[in-house]
Number of protein chains: 2
Amino acid sequence: MANANISDVAALAKVSVTTVSRVLNESASVSHKTRVKVQEAIETLNYKRSDLARGLRINETKTIGVIISNILNPFFTRMVRGIEDVSQNYNYNIVLCNTDEQPEKERKCLDMLLSKNVDGLIIAGTGGMNDYTRLENGFPTVFVDRRPDDKYKGRFDTVLVDNINGSAEAVEHLIDSGYKRIGVIAGSNESTTGYERFLGYKKALKNRGIPEDESLIKYGNFLGNMADQLTKELLEANCDSIFVTNNMIMLGVLEAVKKLGMRIPDDVGLVVFDDVEWMQYIQPSFTAVAQPTYQIGLTAMTVLMDRILNKNEEAPKEIVLPVSLIQRESSRKQNQSIV
Amino acid sequence: MANANISDVAALAKVSVTTVSRVLNESASVSHKTRVKVQEAIETLNYKRSDLARGLRINETKTIGVIISNILNPFFTRMVRGIEDVSQNYNYNIVLCNTDEQPEKERKCLDMLLSKNVDGLIIAGTGGMNDYTRLENGFPTVFVDRRPDDKYKGRFDTVLVDNINGSAEAVEHLIDSGYKRIGVIAGSNESTTGYERFLGYKKALKNRGIPEDESLIKYGNFLGNMADQLTKELLEANCDSIFVTNNMIMLGVLEAVKKLGMRIPDDVGLVVFDDVEWMQYIQPSFTAVAQPTYQIGLTAMTVLMDRILNKNEEAPKEIVLPVSLIQRESSRKQNQSIV
DNA sequence: TTGAAAGCGCTAACAC
DNA sequence: GTGTTAGCGCTTTCAA
């Protein structure tokens with residue numbers, strides 16, 4: 001038994017499809033009697049309207065596409081949950097795409113989502129040279145976490161956090177806690193987050209009058225692939241603390257520290273950009289720059305729905321959400337380490 | 001400028017829409033010359049085929065619906081990533097739905113996804129009295145992690161792990177490590193996972209000849225809502241170790257342990273069902289029952305695609321993936337605790 | 001208050 | 001190798 005369609009319902013209720021459509025959409029006036037008849041027919045046939053056909057006709061899918069780096073990263077997980085929760089309210093669905101930071105994959109995702117006729121897009125771009133020109137023409141799009149390339153400046157709504165000052169505060173905290181040789185494992189400079197957090201690190205050193213030391217600076221990526229190895233190099237360069245620029249890198253750092261049998265915070269102090277729930281519960285707990293991750297998703301989706309539903313045509317805006325340094329045990333220096 | 005459609009392309013290339021369709025689908029034979037003409041037209045118009053219209057016509061959306069409890073739970077996150085990775089290979093998309101373990105939400109998700117005409121479904125059910133009869137008629141569906149209600153026995157493909165023996169092994173390990181009063185915080189009995197892991201706990205006690213003690217058994221849920229409080233109660237009942245039945249509960253346990261200033265594994269030993277990456281890196285590292293989470297998603301999606309693409313009509317099967325106990329530091333008893 | 005009919009963008013007989 | 005045309009399931013003018 002194939003699924004019933006609108007004409008099956010019409011036939012059973014002995015009305016036209018137009019009338020059925022009217023009761024489905026609660027549009028125009030339908031007499032009480034017919035309405036009931038139709039509803040009964042719908043009930044008995046267990047009819048479900050095809051969003052596909054409807055979408056084709058009225059040109060909306062009630063679906064929005066979300067492009068992120070990797071759902072395994074708790075940062076994106078929480079963001080997606082924020083997006084999801086808003087979308088449920090509007091009876092929208094989201095379809096997810098992981099780029100793994102590969103511009104090529106991002107392009108493919110974008111193609112797929114556009115082919116799927118999504119009503120809007122939320123993008124945490126890879127920062128590669130991706131081409132968003134086809135979205136510039138008013139297609140509802142919100143960028144999150146990372147800004148699109150400068151050439152799109154002012155063209156898209158953007159929701160992100162203050163990476164520079166958040167990072168600077170974190171590093172200054174390390175310095176003020178007595179750490180002297182502060183290493184950093186930066187994410188890729190391709191993304192604005194990677195770049196800005198590194199800038200924050202440099203800013204803090206400058207603010208505190210500490211010279212930069214190339215041996216304390218390692219360039220990794222936000223997937224955390226090489227973090228293990230880079231941490232070892234940092235430790236060999238006698239760093240006494242590390243500013244970890246995202247939570248994926250953090251895992252590699254931990255792995256290296258554990259393998260080398262070193263102790264946090266005495267042998268090496270730690271501050272992480274992005275706070276993950278478990279960091280507060282472990283021994284020692286981790287000092288972190290907390291981002292309002294869920295809120296980012298929530299805000300982005302709200303802005304997006306405003307564009308879609310209210311056809312809001314104001315100039316795109318950039319919303320910067322605050323971060324906050326949460327001081328815990330991993331940055332509490334107790335003994336001066338012997339150099 | 002609205003998006004170009006297939007007839008725009010046809011017009012520009014001076015061919016019929018059929019021909020355009022043919023080159024799009026690489027079906028039938030099209031002369032090299034026309035093919036090139038069409039491709040050029042596609043290029044210049046930046047044409048993207050509408051999956052919506054196509055889907056309506058051929059009755060497929062290349063979309064599959066995934067119903068899970070909560071994407072914030074790393075278990076589901078990894079599972080979803082497994083599903084995603086397979087779906088990418090087939091050029092399928094997934095749309096996600098969180099139930100938060102509420103049967104009502106699950107029902108709503110199911111309705112939405114079916115209205116969206118998804119080609120298939122992967123479901124980690126809430127275990128409430130949800131009605132899957134409309135799926136029984138051969139709609140491609142795979143259940144994961146949890147079995148559907150017994151009345152659907154043998155009706156659906158299912159991919160899950162051996163919860164009973166995995167749990168039993170975990171608890172026996174605790175006993176064999178010298179722990180005597182082993183508490184448990186169980187998930188809801190609604191889901192087969194909750195029920196079976198609890199069964200595994202009881203089985204282990206029986207195997208080792210230890211009597212059950214009601215004061216050491218707490219009933220929580222897999223959201224981990226009350227885990228904090230329940231842990232306190234367990235500790236007050238003088239338990240010397242806890243079998244934690246999922247990773248969300250784990251966070252509550254940690255919170256309580258930290259607040260009470262107790263030490264793992266000396267004051268309280270710990271084994272968690274489900275291994276999360278960070279558990280191996282922290283001090284002390286956590287003993288865990290590792291589930292092949294990514295593999296579950298991968299397998300489920302592979303089975304599903306086989307049903308969809310190959311119209312595989314064999315009897316539904318249940319695939320049980322192995323779990324393994326990973327012994328780490330949280331269950332390594334050092335001093336006998338003073339009672 | 002209701003219905004007939006066109007059409008959203010595409011695919012697939014069928015004809016040439 | 002290529003084109004004409006019907007129709008997927010729905011919404012929406014227009015007319016009654």
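Shown above is the structure to which this text applies.
Predicted model only: the values in this text are computed from it and were never measured. (Residues numbered from 1 in each chain as written. Chains lettered and ligands numbered in written order. Predicted model: local features only at pLDDT ≥ 70, side-chain atom pairs only at ≥ 80, totals over all residues. Heavy atoms only, no water.)

(A) Up close: the pattern of salt bridges. Evaluation of the coordinates by the stated rule reveals 46 salt bridges over all chains. For the salt bridge of Arg 181 of chain A with Asp 213 of chain A, the shortest nitrogen-to-oxygen distance reads 3.3 Å. One end of the pair, Arg 181 of chain A, is in the loop between helix H7 (163–176) and strand S6 (182–186); the other, Asp 213 of chain A, is in the loop between helix H8 (192–207) and strand S7 (217–219), with 32 residues separating them in the sequence. Taking the relative accessible area as the measure of exposure, Asp 213 of chain A reaches 25% and is therefore partly exposed. A salt bridge links Arg 147 of chain B to Glu 196 of chain B; the shortest N-O distance between them is 2.6 Å. In this pair, Arg 147 of chain B sits in the loop between strand S4 (141–144) and strand S5 (157–161) while Glu 196 of chain B sits in helix H9 (residues 192–207), placing the two residues 49 residues apart along the sequence. Among the residues examined, Glu 196 of chain B registers a relative accessible area of 11% and is labelled buried. Residues joined by salt bridges that share partners form a network here, namely Arg 81 and Asp 85 of chain A together with Asp 100 and Lys 105 of chain B. (Salt bridge = Lys/Arg side-chain N within 4 Å of Asp/Glu carboxyl O. Helix = DSSP H or I, 4+ residues; strand = E, 2+ residues; numbered from the N terminus. Buried < 20%, exposed > 50% of the residue type's maximum accessible area, 1.4 Å probe, protein only.)

(B) The packing of helix H8 (residues 163–176) of chain B against H9 of chain B, seen in detail. Residues and elements named next belong to chain B. Look at H8 against H9: their axes get within 7 Å of each other, and the N-to-C directions meet at 40°. Between H8 and H9, the crossing angle belongs to the class labelled oblique. Every pair of crossing elements has a handedness; the one defined by H8 and H9 is right-handed. Side by side, H8 and H9 meet where Asn 163, Ile 164, Asn 165, Ser 167, Ala 168, Val 171, Glu 172 and Ile 175 of the first sit next to Thr 193, Glu 196, Arg 197, Leu 199, Gly 200, Tyr 201, Lys 203, Ala 204, Leu 205 and Asn 207 of the second. Partitioned by chemical class, the residues of the contact of H8 with H9 number 8 nonpolar, 6 polar and 4 charged. (Axes fitted to C-alpha atoms, helices over the stretch in contact; angles between N-to-C directions. Parallel < 35°, antiparallel > 145°, perpendicular 65-115°, else oblique. Left-handed = near helix turned anticlockwise from the far one by under 90°. Contact = heavy atoms within 4.5 Å. Nonpolar A, V, L, I, M, F, W, Y, C, P; charged D, E, K, R; others polar.)

(C) Representation of the nonpolar core. Among the nonpolar cores identified, the biggest contains 149 residues, and Trp 278 of chain A together with Trp 278 of chain B are the most heavily contacted of them. Those residues in contact with Trp 278 of chain A that sit more than four places away from it in its chain are Leu 251, Leu 254 and Phe 286 of chain A together with Leu 251, Trp 278 and Ile 282 of chain B. Within the second largest apolar cluster, 15 residues are counted, among which are Cys 97, Cys 109, Ile 123 and Phe 143 of chain A. (Core = buried A, V, L, I, M, F, W, Y, C linked by side-chain atoms within 4.5 Å.)

(D) Structural context of the protein's contact with DNA strand D. Close to DNA strand D lie 23 residues, the nearest being Ile 6 and Tyr 47 of chain A together with Thr 18, Arg 22 and Ser 29 of chain B. Each atom of DNA strand D within 4 Å of the protein was classed as base or backbone; sugar and phosphate made up 61%. Between a phosphate oxygen of DNA strand D and a side-chain N or O atom of Tyr 47 of chain A, the distance comes to 2.4 Å. Among the elements of the structure, helix H2 (17–25) and helix H4 (51–58) of chain A together with helix H2 (17–25) and helix H4 (51–58) of chain B are those that each provide at least two residues to the surface near DNA strand D. At 4 residues, the largest contribution of residues to the surface near DNA strand D is made by H4 of chain A. Classifying every residue of the surface near DNA strand D gives 7 nonpolar, 11 polar and 5 charged. (Near = heavy atom within 4 Å. Polar contact = N/O pair within 3.5 Å; in protein donor to acceptor, adjacent residues only side chain to side chain.)

(E) Molecular detail of the sheet that holds strand S12 (residues 324–326) of chain A. All names here are of chain A. The strand order across the open sheet built from 6 strands is S7-S6-S8-S9-S10-S12, with neighbouring strands paired in mixed fashion. For this open sheet the edge positions go to S7 and S12, each flanked by a neighbour on one side alone. Averaged over all adjacent pairs, the angle separating strand axes in this sheet is 15°, with direction ignored. Sheet analysis places strand S8 (residues 241–244) next to strand S9 (residues 269–273), joined by 4 bridges and oriented parallel. Looking across to S9, one finds that Val 244 is bridged to Val 272. Across the face of the sheet, H8 comes into contact with S6, S7, S8 and S9 while running at roughly 165° to S6. Those strands touched by helix H9 (residues 227–236) are S6, S7 and S8, and its axis lies near 160° from that of S6. (Pairing = 2+ DSSP bridges.)

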